[in-house]
Amino acid sequence: MKELRLFNSLGQKMETFVPEIPGEVAVYVCGPTVYNHPHIGNFRPAIVFDLLRRVLLALGYKVTYVSNYTDVDDKIINRAMELGISEKELTESVIKEYRGLIDELGCLQPDITPTPTAYMDKIIAYVKDLVDSGHAYVVGGDVYFRVSSVPHYGELSGNSVDSLLSGARIEVNSKKESPLDFALWKATEVGIRFDSPWGKGRPGWHTECCVMIDSIFKSRDGHIDIHGGGFDLKFPHHENEIAQSYAHNGNGLATYWLHNGFINIDNEKMSKSLGNVLLAKDVIAEYGAMAFRMMVLSAHYRAPLNFTPDTIAEAKKGYERLQAAYRSLGIYLQANGVDDPSSLPSSSLDEFLTPLCEDLNTPNALTVLYAKIKQSNADLRACKGNIEPLKADFAALRDYSKILGLNVKYPCIQNIGKQLYREYFDAKANKDFAKADELRGKLTEMGIWMN
RNA sequence: GCAUCCAUAGCCAAGUGGUAAGGCAAGUGACUGCAACUCACUCACCGUCGGUUCAAAUCCGGCUGGAUGCUCCA
C-alpha cells in the first residue's frame, strides 16, 4: 500500500499515516451547527475531508467516515424563536439543505451523521461518569470540567495552562474553580432543554462530539485514527475533547488531528459583522458547484483560501477544461467502436496519487491533471483513428476526476450518433465540406458534437 | 498581551538546503476548408534586514505586513 503522509496538528509535523487497525480507518469530522443556510465556509472542511476519504479509499483502506450535525445550540434556539418554529423543524430543514449541497458539491455522504439530540442519554451518562470520577464538578445546575485533573492540557493548540490563565478574561461566571474549566452541562431556562440529574439544561458543545465518537466507535475504546475540522476548532473545542477523552477513556481521542484553513472574501475574514457571508446555495447558483470544488482544491487545505470573483472564475475554467476534454474523448471513443468508455480498464494512478499522499497536495495533483488534459487534447488531435492512446487518456481523466470528486460526464451518442459521425468523418475525408458542415450542425443540435 | 500560522510573477498557487511546478490573464506562432476547440513557445533572482552554510525561497534571529484563536461568544 502506498505511503500516506499527513501533517498532524498534534505535534505540528508531517507523519506517516499508520491506522490503529491495519487496512481500516476511522474518521470523524466536526460538522456544522445547523441554524441557518450553510455558507461557503461550511464546505471547505466537507470537501477537504471528502478528498481525504477518497484518497484513503483509492489506497485500498476501508473507511468509516462520521460527521455530525450539531442540533443543540444557542444559535439554533434564537433562530428558531425568530422564525417562530421549533428547534427540530429548523434543524431538520437545514440538515436537509446541507445534505443536498453535499451531493451537489461531489462529496460522498458520511457513513454516519450523528446529532446530539439523538445521543442525549449517552451524553448525560458520560457527564455523570466524569462527575463520579472527580474530573467534573457540579455548581448549581451546571457541570464543569476540571481542567487541572488531566495532564498536558494545551498540547494540541500549543498553549500552556499558565499562559492561558494569564490571558484569561475577567470571568463573569465566578462559579468555576478555574477560568479554564469549561461547561459539560449548562442549566437553561429558554428553548429546548433536557432532564438530567442536575436539573433541566443542555449539554456543552465539546462534550457532544466526544460522546458521539465514544458511542459510535465503542469497539475501539472511543479512539479514532483521524479527527478533522476547521482551524478555529483547535482551541478550545478539540483541546477540550482531548481532555475529556483522557479523563473518560484514558486516551487522546485521535491519533491524527487535521485542520483546514479558512475561506476569506476579498482577503477579509468572512463574518456576519462584516456582512460578507456568502451562502453556498448562492455561490453554486452563480458559478456552479464544481467550480467551487475546484477552487477549494486549487489551494492546499491548510492554507487560507481567498474567494474573489476572479479566483472562482479561474477555477470554473479549469473545471470546464477537464469536462470538455473528457467529453470529447468520450464521444470520440463511442464514435470509434468503444460502446462504453466508462468501463475501460484503469490505468496507473501512481503519478497522480503521489502528491495527494504528501499531505493532500491538491495543487500538485491538479498539475498532473492539467498535464493529462493537455495530452488528451493533443492525442485526440493527432490520433488519426488510432484510439489506443485515447482509451488510456480517457481512463486516466475518469479516475483522476473520481478521486478529486469532480463530476465529469459525456453523452451517450446512441447508434444514430455513431452513424452520423461515420458519415461526418467520411465527408471530411472526401473533402465534401458542405455535407460535413451539415452533419456537424446536426450533431451540435443533438448535443453530441465533440467540442 | 499570549498562542498558532502565513508573506513566491498582473492574479491564483506549489516547492521547505543544491541555482523557481502548474493554472488564469497577456504576447507570439502552429494546426484547420471555415468557426470553435486545441497545441507549442515567451513571461519571477521568492516582503525586508542580518546570521548559519561550499550552497537558502527553503534553516535561525530582528523588522514590516496579514490570517486565526484566547472557553460556549458574534
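Calculation notes
Residues numbered from 1 in each chain as written. Chains lettered and ligands numbered in written order. Predicted model: local features only at pLDDT ≥ 70, side-chain atom pairs only at ≥ 80, totals over all residues. Heavy atoms only, no water. Near = heavy atom within 4 Å. Polar contact = N/O pair within 3.5 Å; in protein donor to acceptor, adjacent residues only side chain to side chain. Helix = DSSP H or I, 4+ residues; strand = E, 2+ residues; numbered from the N terminus. Nonpolar A, V, L, I, M, F, W, Y, C, P; charged D, E, K, R; others polar. Pairing = 2+ DSSP bridges. Axes fitted to C-alpha atoms, helices over the stretch in contact; angles between N-to-C directions. Phe/Tyr/Trp six-rings, centres within 6.5 Å; stacked < 30°, edge-to-face > 60°. Buried < 20%, exposed > 50% of the residue type's maximum accessible area, 1.4 Å probe, protein only. Salt bridge = Lys/Arg side-chain N within 4 Å of Asp/Glu carboxyl O.

(A) Inspection of the protein's contact with RNA strand B at higher detail. Looking at RNA strand B, there are 37 residues lining it, with L180, A183, K269, H300 and N364 nearest. Among the atoms of RNA strand B close to the protein, meaning within 4 Å, 57% are from sugar or phosphate groups. Between G158 and RNA strand B, the recorded distance is 3.3 Å, taken from a backbone N or O atom to a sugar or linking oxygen. In terms of residue count, the dominant contributor to the surface near RNA strand B is helix 12 (residues 362-382) (7 residues). Partitioned by chemical class, the residues of the surface near RNA strand B number 10 nonpolar, 13 polar and 14 charged.

(B) Up close: the sheet that holds strand 8 (residues 201-203). Strand order across the open sheet formed by 4 strands is 5-6-7-8, with antiparallel pairing between neighbours. Since the sheet does not close on itself, it has two edges, and those belong to strand 5 (136-139) and strand 8, each with one partner. When the angles between neighbouring strand axes are averaged without regard to direction, this sheet yields 20°. Pairing of strand 7 (residues 183-187) with strand 8, which is carried by 3 bridges, proceeds in the antiparallel orientation. Looking at strand 8, one finds that W185 is bridged to P203.

(C) Fine view of the packing of aromatic side chains. The full count for this structure, using the stated rule, is 17 aromatic pairs. A ring pair is formed by Y326 and F394, whose centres lie 4.6 Å apart and whose planes are at 20°; its orientation type is stacked. Of this pair, Y326 sits in helix 10 (residues 309-335) while F394 sits in helix 13 (residues 388-404); the two residues are 68 residues apart in sequence, bridging distant segments of the chain. There is no split in this pair, since Y326 and F394 are both buried. Seen from their ring centres, Y421 and F425 are 5.8 Å apart, and the 35° between their planes marks the pair as tilted.

(D) Structural detail: the pattern of salt bridges. Under the counting rule described, the total for this entry stands at 23 salt bridges. For R220, the salt bridge goes to E20, with nearest N and O atoms at 3.8 Å. With a gap of 200 residues between them, R220 in the loop between helix 6 (205-216) and strand 9 (224-230) and E20 in the loop between strand 2 (13-16) and strand 3 (24-29) connect regions that are remote in the sequence. By relative accessible area, which is 44% here, E20 ends up partly exposed. Ionic pairing is found between D399 and R398, a salt bridge with its closest N-O pair at 2.9 Å. Residues D399 and R398 agree in their burial class; the two are buried. Here the residues in one salt-bridge network are E20, R220 and D225, joined through shared partners.

(E) Fine view of unusual backbone geometry. Cis geometry is adopted by the peptide bond preceding P236, which originates at F235 and carries an omega value of 0°. Counting through the fold element by element, P236 comes out in helix 7 (residues 234-249). One non-glycine residue, L253, lies in positive phi territory at about 80°. Looking at the secondary structure, you find L253 in the loop between helix 7 and strand 10 (254-260). Of note, the phi angle at L360 is positive, near 55°, even though the residue is not glycine. Mapped onto the elements, L360 comes out in the loop between helix 11 (350-356) and helix 12. On the accessibility criterion, L360 (1% relative accessible area) is buried.

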